[in-house]
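# Per-entry structural report
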Amino acid sequence: MMTNGLALCAVFVHYLTKTSRLGIAPDIAYKTPMTLKIGIAGISGRMGQMLTEEVVAAGATLVGGVCRPGDDAKGATLFADIAALAAACDLVIDFTHASTVIPHATALTHAGTSWVLGTTGLSAADEAAIAAAGTKIPVIAAPNFSPGVNLMFALAERMAAALPANAYDAEILEMHHRQKVDAPSGTALGLGRAVAAGRGVDLKDVIVSGRDGHTGPRKDGEIGFATLRGGQIVGSHSLLFTAGSEQITLTHHAFDRRAFATGAVRAALWLADKKPGLYNMKQVLGM
Ligand code: NAD
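Residues numbered from 1 in each chain as written. Predicted model: local features only at pLDDT ≥ 70, side-chain atom pairs only at ≥ 80, totals over all residues.

## Comments concerning helix H4 (residues 101-111)
Among the residues making up H4, those that are buried are Val101, His104, Ala105, Ala107, Leu108 and Thr109. Where H4 is buried, its residues contact strand E1 (37-41), helix H3 (82-88), strand E3 (91-94), strand E4 (114-117) and helix H5 (124-133). Gly112 sits one or two positions beyond H4 and adopts a positive phi of about 70°. (Buried ≥ 20, exposed ≤ 12 C-beta atoms within 10 Å, placed from the backbone. Helix = DSSP H or I, 4+ residues; strand = E, 2+ residues; numbered from the N terminus. Contact = placed C-beta atoms within 7 Å.)

## Focus: the sheet that holds strand E2 (residues 61-66)
Taken in spatial order, the six strands line up as E2-E1-E3-E4-E5-E11 in an open sheet, and their pairing is parallel. Of all strands in the sheet, those with a lone pairing partner are E2 and strand E11 (277-279), marking the two edges. Going from strand to strand, the sheet's axes swing by 20° on average, the running direction of each strand aside. Pairing of E1 with E2, which is carried by five bridges, proceeds in the parallel orientation. The residue of E2 that forms the bridge with Ile40 is Gly65. Where helix H9 (residues 258-271) meets the sheet, it contacts E1, E3, E4, strand E5 (138-141) and E11, and its direction lies at approximately 155° from that of E4. (Pairing = 2+ DSSP bridges. Axes fitted to C-alpha atoms, helices over the stretch in contact; angles between N-to-C directions.)

## A closer look at the pairing of strand E9 (residues 235-242)
Taking every second residue as pointing to the same face, the buried face of E9 carries Gly235, His237, Leu239 and Phe241, while none of Ser236, Ser238, Leu240 and Thr242 on the other face is buried. Two strands pair when backbone bridges link them, and strand E6 (residues 169-176) and E9 are joined in this way by seven bridges, in the antiparallel orientation. Looking at the pairing, Asp169 lines up with Thr242 of E9. The pairing of E9 with strand E10 (residues 247-254) spans eight bridges and is antiparallel. Following the sheet pairing, Ser238 is matched in E10 by Thr251. The hairpin turn running from E9 into E10, its antiparallel successor, is four residues long.

## A short note on the environment of Ala254
One can find Ala254 in strand E10. Among residues more than four places away in sequence, those in contact with Ala254 are Ser146, Val234, Gly235 and Ala259.

## Some points on the packing of helix H2 (residues 46-57) against H9
Between H2 and H9, the least distance of the axes is 9 Å, while the angle of their chain directions is 50°. Taken together, the axes of H2 and H9 are oblique relative to one another. The element H2 and its partner H9 pack so that their crossing is right-handed. Where H2 approaches H9, its residues Met47, Met50, Leu51, Glu54 and Val55 are matched on the opposing element by Arg258, Phe260, Ala261, Thr262, Ala264 and Val265. Class assignment for the residues of the contact of H2 with H9 results in eight nonpolar, one polar and two charged. (Parallel < 35°, antiparallel > 145°, perpendicular 65-115°, else oblique. Left-handed = near helix turned anticlockwise from the far one by under 90°. Nonpolar A, V, L, I, M, F, W, Y, C, P; charged D, E, K, R; others polar.)

Such coordinate-based values are descriptive only and should not be taken to indicate function.
Following this line, the structure appears as structure tokens:
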């Protein structure tokens, strides 16, 4: 009788857990860090290795991960594919390659597993898949998880709103390590989106990326991007507003990937008790 009672109780807790994730039951905090099962997509990568340390340091349960076949996962538990990983976890932290975004969105949505996505170089189709996933599961996608850069996004929007576009030319300069595969960086594009939002325009209508050759004079309202690559620079970004008689510059240097890894794990713990939805780092950091 006692056993049956316990079993019934376990079934009820399981029901509450699953239904709250589907947004049917009230929003209840159902996981502590210790009981939160986290998987890492891209576990063999530069970010994946650091995330492994930070998930354990946060006291969550690291279930394992996935990576490109043949990569050295340094002893981590590897799952056959993202579907198998998603089925074994409450939440997946994903720092891989843009080509994985659509299949990962499908697998995580199917499993009802939350998604913290840091991959950059996303296409419009990737962004649409992320938005669609956000209607079914809790999702945070951010081009940069460091608190400093997220504050920079907020400041960029305020500066752009205060400084007229016909007088202050906005230019974004970024430099990263020589292995980086996408340009401009997701963070640089995030800064561009923040400036565009402050000016009430759409970035795609004003972006000028990588000037070369006979470009003609700069037009009012353009948001320019320049990309540098070299060595092992973790990530440096500057936003410059330049007028005829003054210049104001906002600069962020990341010295260590840990700034991104701790931010992503913080986002994961924050997301653990949320209903399905597309959330952002501003909400995580309370900005
Ligand atoms: P990396 O090349 O060191 O690691 C990539 C990882 O993804 C590896 O584990 C690799 O095996 C895996 N992978 C690649 N292609 C795959 C595929 N098709 N299927 C399954 N796994 C695959 O790269 P990194 O420096 O760790 O960066 C990973 C991503 O995270 C990049 O897009 C990078 O720009 C982005 N990033 C984001 C932030 C942020 O704060 N949002 C910070 C740093 C890096």
